Amino acid sequence: MAEAHSAVAFSFSVTQEGIDVNLNHEALRAVWKSGVRSWKKRIGRAKNQVKNGVYPATPMSWLFIASIVLGTQLAGYDISFGLVGWLQTHIPWVREASSVVSLYTCCILFSTLLWVAKANLMKYTLKMLLHYHGWMYEPRGPMSLRTKLWMGLVKLFGGKKPLLMSYQSALPKINVPQVGDTIDTYLKSVRPLMDDEKYNRMQDLAKDFLNGMGPKLNRYLKLKSWWSTNYISDWWEEYVYLSGRSPIMVNSNFYGIDAVLVHPTKIQAARAANVVHAMLLYRRELDTEQLNPILLNQTIPLCSNQYERQFQTTRIPGIEKDKLMYSKDSQHIAVYCRGRYFKMYVYQRGRLLKPCELEISLQMIIDDQTEPAPGEEHLAALTAGDRVPWAKARTEYFSKGKNKASLDAIEKAAFFLSLDDEPQDFDAVGSLDTQHDSTKMDRFGRSMLHGKGYDRWFDKSFTLVVLSNGRIGFNAEHSWADAPVMGHLWEVSTADDRSLGYKADGHTNGEPEMTPPNPIRLEWELPKTCIAVIENSLEVANQLLNDVDLHIIMHNAYGKGFMKTCRVSPDAYIQLALQLAYYRSAQKFCLTYESSMTRLYKEGRTETVRSCTIESCAFVRSMDDPSKTDADRIKLMKVATETHQMGYRDAMTGKGIDRHLFCMYVVSKYLGTDSPFLSEVLSEPWRLSTSQTPHQQTTKLDLVKHPEHISAGGGFGPVADDGYGVSYIVAGEDVIFFHVSCKVSCPTTNSKKFGDSINQAMQDIKNMFSSPR
């Protein structure tokens, strides 16, 4: 292979005259530049660690303090109250120095101690301030004086120009709730779902738990909360994600799709090059921590811990549980195209390749007409099937030789790129009242959720998918982070893709300054026994993906703009519409999951908002009750939305119940005890699992000027066999995208019918507000 030869820096041969050494200066230069780049990154990380360690103080503030202390000492004023003099007489090596050196040294030492004290005072004051969450519970309208003062103090002690990780040490720990509070909230949440007999039985189980092992389990959690950074997150990652032995495709991984209202180019290599380049620019900002941390109300910081594993991360299969493998750096991406795998370098001579240079490499891969090796085309089905066969196959067939080298190239790549040989698109013509082909968007979503079952590396932190007509999307593994982190990358990358732009003919802008390195075709030696395992995994994947019923709705009758006029939270509004749609479809209510983040706390991830409440059920029943007027319904809706918002606030501020119940269950298993209450609670199915896709996490996306640039969001597979998974994105003032999934094999669910029910519920609620009262 030419690529392998060019990577050798020197060669030698033994002749009669002696040893003949041949140096490849170009290769040596590349090695040197790679080493320099690596050291620059190490030094940069070390500098950032120092800055973050003393934040919100800054190194410049140390210089300011040192100048003041030294200046006043030289002027004859001692602002140290004798401490500088004390240091001069009590530090042996300083005592022996000259008076000038002694004075300067002690002034610098005192200034450093003063600066560190100031930094810690600011940090712990900020940490104390961030424990306050009263601002979230204030009614809509003008901000209270108390909250204004609090926000002013947060801004004062929050520092300026923070790095991505600057606030990490100032974020508070999440507290362990009281068992009694959790049980009371739980019982209230299930009351509308149970008849009197079942509810009384559950009350008895809860009472026995509260008077029995509950407090003991909670004491262990409090002990853990003192010792660990976050008492939930490590167990959540380990037991909910990494310990699962069933396929992660559809069941765990989630997807996102393009900004479907714009189509900048139809040239696959050009679109891939721009987006790959944009993602690598984002990675550079991530590595140097120049990526701005997310601040609520431009003031309150969210935890940035999940960003650390966004790139160079792969889920490694295990027999009992998986693990996450993270590499600090990678200069290549892994590419899949028509059944072949390639290692494509994205750096050369110490710099990131330009989009036009990346396009050349990608076009070479697309134009490559070589055939896949036996078993290679379906290889990624191993990552789509059950985890145990994949773990065994990885140990047996991929632990040495060519297979290990090729697998390393995939697992240590910055990310995985799939160049699909099929197009996907969206029929943007029409509205709710006119005919258009909605199945195009459905096929688009399914392509991102599972593809063919073998053309996405489902174990990578994310797979960027570029379709043959230039449309894009992604599939993301879930254990390393939650959707908002991946959504942030997606927003920035698609915004930068537009900034980079394209020529009139659809190709990338700019002219190549160098010939990019040739992509390296990965080689495999897969015996028949390994191919049999691959095909078995593909069969499992096919059964799973063929059971997916996915429907995507572009609701453009109205959006957030109208909801604001109703003085109702858009999220609560949509959640009530989903409750109404489900009740009309199933003629009953169900346990409903809405994902909320807990990133106000260090290493926080998610919590559950139980959207089906006593108040929401009362509103839903009123919608089809002829005895109720629209005024009655609006009154009930206002109460229901306020209850929902209260539940959302509680979840965000560590007062949610589901993670607490989960952690008590884990402790009970460690202790070898069984709790009938916890076992029943954690076995209850979430027949309606919902999530709102966040957007506008970056200032690069101006939806006021360019509303058509909104992403259509993304979604996930159904959580329950007889339930729905619903993800939605409030795409500006007038559009909402809904992603509805369920299982084909379930006779009681249908994504298209449920989508129609959502549309009808949204229309009925609007009519309720629009009718004269």
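The preceding data block contains the structure.
Fair warning: this is a prediction, and the values are worked out from it, not measured in the lab.

Each value, and the rule that gives it
Residues numbered from 1 in each chain as written. Predicted model: local features only at pLDDT ≥ 70, side-chain atom pairs only at ≥ 80, totals over all residues. Heavy atoms only, no water. Helix = DSSP H or I, 4+ residues; strand = E, 2+ residues; numbered from the N terminus. Rg over C-alpha atoms; globule rule 2.2 N^0.38 Å. Buried < 20%, exposed > 50% of the residue type's maximum accessible area, 1.4 Å probe, protein only. Contact = heavy atoms within 4.5 Å. Areas by Shrake-Rupley, 256 points an atom, 1.4 Å probe, with all protein chains shown as cover. Lys, Arg positive; Asp, Glu negative; His and termini not counted. Charge placed at Lys NZ, Arg CZ, Asp CG, Glu CD. Polar contact = N/O pair within 3.5 Å; in protein donor to acceptor, adjacent residues only side chain to side chain. Disulfide = S-S within 2.5 Å. Phe/Tyr/Trp six-rings, centres within 6.5 Å; stacked < 30°, edge-to-face > 60°. Lys NZ or Arg CZ within 6 Å of the ring centre and 35° of its normal. Pairing = 2+ DSSP bridges. Axes fitted to C-alpha atoms, helices over the stretch in contact; angles between N-to-C directions. Expected span 1.5 Å × (residues − 1). Arc of directions from axis to C-beta. Parallel < 35°, antiparallel > 145°, perpendicular 65-115°, else oblique. Nonpolar A, V, L, I, M, F, W, Y, C, P; charged D, E, K, R; others polar. Salt bridge = Lys/Arg side-chain N within 4 Å of Asp/Glu carboxyl O.

## Brief notes about the overall build of the chain
- A count of helices and strands for the chain gives 26 helices and 22 strands.
- Relative to a compact globule of 773 residues, whose C-alpha radius of gyration would be 28 Å, the chain shows 29 Å and is just as compact.
- The proportion of buried residues among the 773 residues of the chain is 54%.
- Within the chain, residue pairs in contact and separated by at least 24 positions form 78% of the contacts whose partners lie at least 6 positions apart.
- Taken as a whole, the chain presents about 34600 Å² of accessible surface, with 57% of it coming from carbon and sulfur.
- Seen as two clouds, the 89 positive and the 83 negative side-chain charges of the chain have centres 6 Å apart.

## Regarding the side chain of Q645
- Examined against the element boundaries, Q645 turns out to sit in helix 23 (residues 630-652).
- Since its relative accessible area comes to 19%, Q645 is described here as buried.
- A polar contact is formed between the side chain of Q645 and the side chain of S569, at a distance of 3.3 Å.
- When neighbours within four sequence positions are excluded, Q645 is seen to be in contact with S569 and A572.

## Some remarks on the state of the cysteines
- The final tally for this structure, using the stated rule, is zero disulfides.
- C106 takes part in no disulfide bond, and the closest cysteine sulfur to it belongs to C107, at a distance of 7.3 Å.
- The closest cysteine sulfur to the non-disulfide-bonded C617 is located on C612, 3.7 Å from its own sulfur.
- You can call C617 buried: its relative accessible area is 1%.

## A few points about the packing of aromatic side chains
- Under the counting rule described, the total for this entry stands at 31 aromatic pairs.
- Between the aromatic rings of W135 and W150, the centroid separation amounts to 6.1 Å while the plane-to-plane angle is 15 degrees, which identifies the pairing as stacked. One end of the pair, W135, is in the loop between helix 6 (99-129) and helix 7 (145-157); the other, W150, is in helix 7, with 15 residues separating them in the sequence. Each of the two residues, W135 as well as W150, counts as buried.
- Judged by centre distance (4.2 Å) and plane angle (10 degrees), the rings of Y724 and F754 are stacked. Of the two residues, Y724 is situated in strand 21 (residues 724-731) and F754 in helix 26 (residues 751-770); the sequence distance between them amounts to 30 residues. With respect to class, Y724 is no different from F754; both count as buried.
- Through a chain of ring-to-ring contacts, three or more aromatic side chains come together here, namely Y336, Y341, W390, F398, F416, W457 and W524.
- Over the ring of W235 we find K224, and its NZ or CZ is 3.6 Å from the ring centre.
- The lysine or arginine in question, R659, covers the ring of W236, its NZ or CZ lying 3.8 Å from the ring centre.

## Some details on the sheet that holds strand 8 (residues 332-337)
- Read across the sheet, eight strands follow the order 15-9-8-12-13-14-3-20 without closing on themselves; strand pairing throughout is mixed. The sheet terminates laterally at strand 15 (520-521) and strand 20 (714-716), the two strands that pair on one side only.
- Sheet topology places strand 12 (residues 416-419) next to strand 13 (residues 462-466); four bridges connect them, and they run parallel. Bridged to F416 within strand 13 is T463.
- The strands touched by helix 13 (residues 355-367) within the sheet are strand 8, strand 9 (340-345) and strand 12, with strand 9 carrying the most contacts at an inclination of about 165 degrees.

## Focus on helix 3 (residues 59-74)
- Helix length check: helix 3 (16 residues) gives 23 Å between terminal C-alpha atoms against 22 Å at 1.5 Å per residue, within 8%.
- Listed in full, the buried residues belonging to helix 3 are S61, I65, A66, V69, L70, T72 and Q73. Down the axis, helix 3 shows its buried residues gathered within 165 degrees of arc, on one side only. Of the exposed residues in helix 3, those oriented more than 90 degrees away from the buried face are M60, F64 and L74.
- Directly beyond the C-terminal end of helix 3, a positive phi value near 95 degrees is found at G76.

## Description of unusual backbone geometry
- The omega torsion across Y55 and P56 is 15 degrees, close enough to zero to call that bond cis.
- Position of P56 relative to the elements: it lies in the loop between helix 2 (25-54) and helix 3.
- A positive phi is found at N297, a non-glycine position, where the angle reads about 55 degrees.
- Note that N297 resides in the loop between strand 4 (295-296) and strand 5 (300-301).
- Positioned with a positive phi, Q298 is a non-glycine residue whose angle comes to about 60 degrees.
- The residue Q298 is located in the loop between strand 4 and strand 5 in this model.
- Looking at Q298, the relative accessible area reads 71%, which means it is exposed.

## So, the packing of helix 8 (residues 179-190) against helix 9 (residues 196-211)
- Two elements in contact, helix 8 and helix 9, have axes whose closest approach is 11 Å; the angle formed by their N-to-C orientations is 170 degrees. With respect to helix 9, the element helix 8 is oriented roughly antiparallel. Taken together, the residues of helix 9 that come into contact with helix 8 (itself represented by V179, G180, I183, Y186, L187 and V190) are Y199, M202, Q203, A206, F209 and L210.
- Considered class by class, the residues forming the contact of helix 8 with helix 9 number ten nonpolar, two polar and no charged.

## What about the sheet that holds strand 21?
- If you trace the six strands from one edge of the open sheet to the other, you get 16-22-21-19-17-18, paired in mixed fashion. This sheet does not close on itself; its edge strands, each paired only once, are strand 16 (548-555) and strand 18 (606-610). The average angle at which neighbouring strand axes cross in this sheet is 20 degrees, direction not considered.
- Sheet strands in contact with helix 24 (residues 658-671) are strand 17 (592-597) and strand 18, and its direction is about 115 degrees off that of strand 18.

## Some words on the pattern of salt bridges
- Per the counting criterion, the structure on display carries 42 salt bridges.
- The salt bridge partner of R471 is D258, with a shortest N-O separation of 3.8 Å. With R471 in the loop between strand 13 and strand 14 (472-476) and D258 in the loop between strand 3 (254-257) and helix 12 (268-287), this residue pair connects regions lying 213 residues apart in the sequence. Just as R471 is buried, D258 falls in that class too.
- For D764, the salt bridge goes to R584, with nearest N and O atoms at 2.7 Å. Here R584 lies in helix 21 (residues 570-586) and D764 lies in helix 26, a separation of 180 residues in the sequence.

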